[in-house]
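# Report on the structure
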Amino acid sequence: MIVYKLTNQNLQTHGGYQWEPGVARETDGEGNLCGPGWLHYYHDPLLAVLLNPIHADIEGPILWEAEAEGLHRDDKGLKGGCTRLTLIRQIDPPQITTEQRIRFGILCAKAVCDSPEWNAWADRWLDGSDRSVETAWEAWAAAVATADAAADAAAAEAAVEAAARAARAVAQATAFAAWEAARTAEAAAEYTLLDLRAIARAALKGDQAAQPHGR
């Protein structure tokens with residue numbers, strides 16, 4: 001299966017793990033997906049670039065086309081893992097603007113966020129009619145109030161943790177959009193590979209209609 005892998009400029013990944021083009025690396029498939037038993041990859045070049053900040057956060061990464069074999073495990077489309085992975089060739093990473101990163105974050109959030117106030121603000125940001133900081137924070141406050149009212153303590157704690165990761169997911173984007181996007185999307189954990197690919201493509205095209213869950 002052809003997949004996509006990020007390395008740093010020295011062809012290394014987490015912990016200094018060294019890669020070499022054309023040379024297969026193998027693991028045992030034991031433990032969870034974030035552990036040493038799995039070799040990580042992305043299903044799409046767009047997702048590799050957009051999700052890098054919440055995963056390895058590699059600065060100036062090299063994007064590789066790779067072949068994934070052996071056992072496979074998936075994290076709801078966010079990333080995949082296999083037990084045998086070979087770097088095939090270096091490819092040019094997609095060029096993504098700050099506005100497209102924000103749009104991706106907002107479209108992710110719209111797929112799972114039930115707050116009418118937040119969604120109304122999101123629609124105005126997406127169509128360009130209101131991108132002020134003041135109204136963004138007002139919408140955020142309304143969404144947080146809605147979420148907190150419906151969540152128990154454990155869910156609220158998970159949302160806060162997701163929020164911390166969210167801010168890095170679109171680190172070059174508007175702080176509010178990043179925060180709320182992953183706070184709702186990651187905490188809900190409702191995504192599939194097709195959803196994320198569709199959202200990423202919609203973000204780059206400026207499409208406002210990519211809402212896989214109909215919200």
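Structural notes, computed from the coordinates.

## A closer look at the overall build of the protein
- The helix and strand inventory of the protein stands at seven helices and seven strands.
- Starting at the N terminus, the α and β elements of the protein follow one another as β-β-β-β-β-α-β-β-α-α-α-α-α-α.
- Of all 215 residues assigned to the protein, the portion counted as buried reaches 46%.
- Restricting to contacts in the protein with at least 6 residues of sequence separation, those with at least 24 account for 68%.
- For the protein, the accessible surface area stands at approximately 10300 Å², while carbon and sulfur atoms represent 52% of it.

## Let's talk about the nonpolar core
- In this structure, Leu51, Phe104, Ile106, Trp118 and Trp121 are the most contacted members of the largest nonpolar core, which totals 35 residues.
- Sorting the residues of this core by element identifies strand S1 (2-7), helix H1 (45-51), helix H2 (98-110), helix H3 (116-127), helix H4 (133-150) and helix H7 (193-205) as the ones contributing at least two each.
- Aside from chain neighbours lying at most four places away, what touches leucine 51 is Tyr42, Leu78 and Phe104.
- Ranked by size, the runner-up nonpolar core spans 12 residues in total, among them Ile62, Ala68, Cys82 and Leu87.

## What about the pairing of S1?
- Of all six residues in S1, five are buried, a share of seventy percent or more.
- In the sheet, S1 pairs with strand S6 (residues 62-74) via six bridges, with the strands oriented antiparallel. In the sheet register, leucine 6 faces S6, and the bridge partner there is leucine 63.

## Description of the pairing of strand S7 (residues 80-91)
- The sheet contact formed by strand S4 (residues 25-26) and S7 spans two bridges and is antiparallel. Paired with glutamate 26 across the two strands is arginine 84, which belongs to S7.
- Where strand S5 (residues 39-41) lies against S7, three bridges are found, and the strand directions are antiparallel. Among the inter-strand pairings, leucine 39 is bridged to a residue of S7, identified as cysteine 82.
- The pairing of S6 with S7 spans 10 bridges and is antiparallel.

## A few points about H2
- Counted at 1.5 Å a residue, the expected span for H2 with its 13 residues is 18 Å, and the 19 Å between its end C-alpha atoms agrees.
- Within H2, 11 of the 13 residues are buried, leaving the element largely enclosed by the surrounding structure.
- Gln100, Arg101, Ile102, Arg103, Phe104, Gly105, Ile106, Leu107, Cys108, Ala109 and Lys110 are the residues of H2 that are buried.

## Re the environment of tryptophan 140
- Residue position: tryptophan 140 is located in helix H4.
- C-alpha separation for the pair tryptophan 140 and asparagine 119, spaced 21 residues apart in sequence, amounts to 10.0 Å.

Conventions and cut-offs
- Residues numbered from 1 in each chain as written.
- Predicted model: local features only at pLDDT ≥ 70, side-chain atom pairs only at ≥ 80, totals over all residues.
- Heavy atoms only, no water.
- Helix = DSSP H or I, 4+ residues; strand = E, 2+ residues; numbered from the N terminus.
- Buried < 20%, exposed > 50% of the residue type's maximum accessible area, 1.4 Å probe, protein only.
- Contact = heavy atoms within 4.5 Å.
- Areas by Shrake-Rupley, 256 points an atom, 1.4 Å probe, with all protein chains shown as cover.
- Core = buried A, V, L, I, M, F, W, Y, C linked by side-chain atoms within 4.5 Å.
- Pairing = 2+ DSSP bridges.
- Expected span 1.5 Å × (residues − 1).

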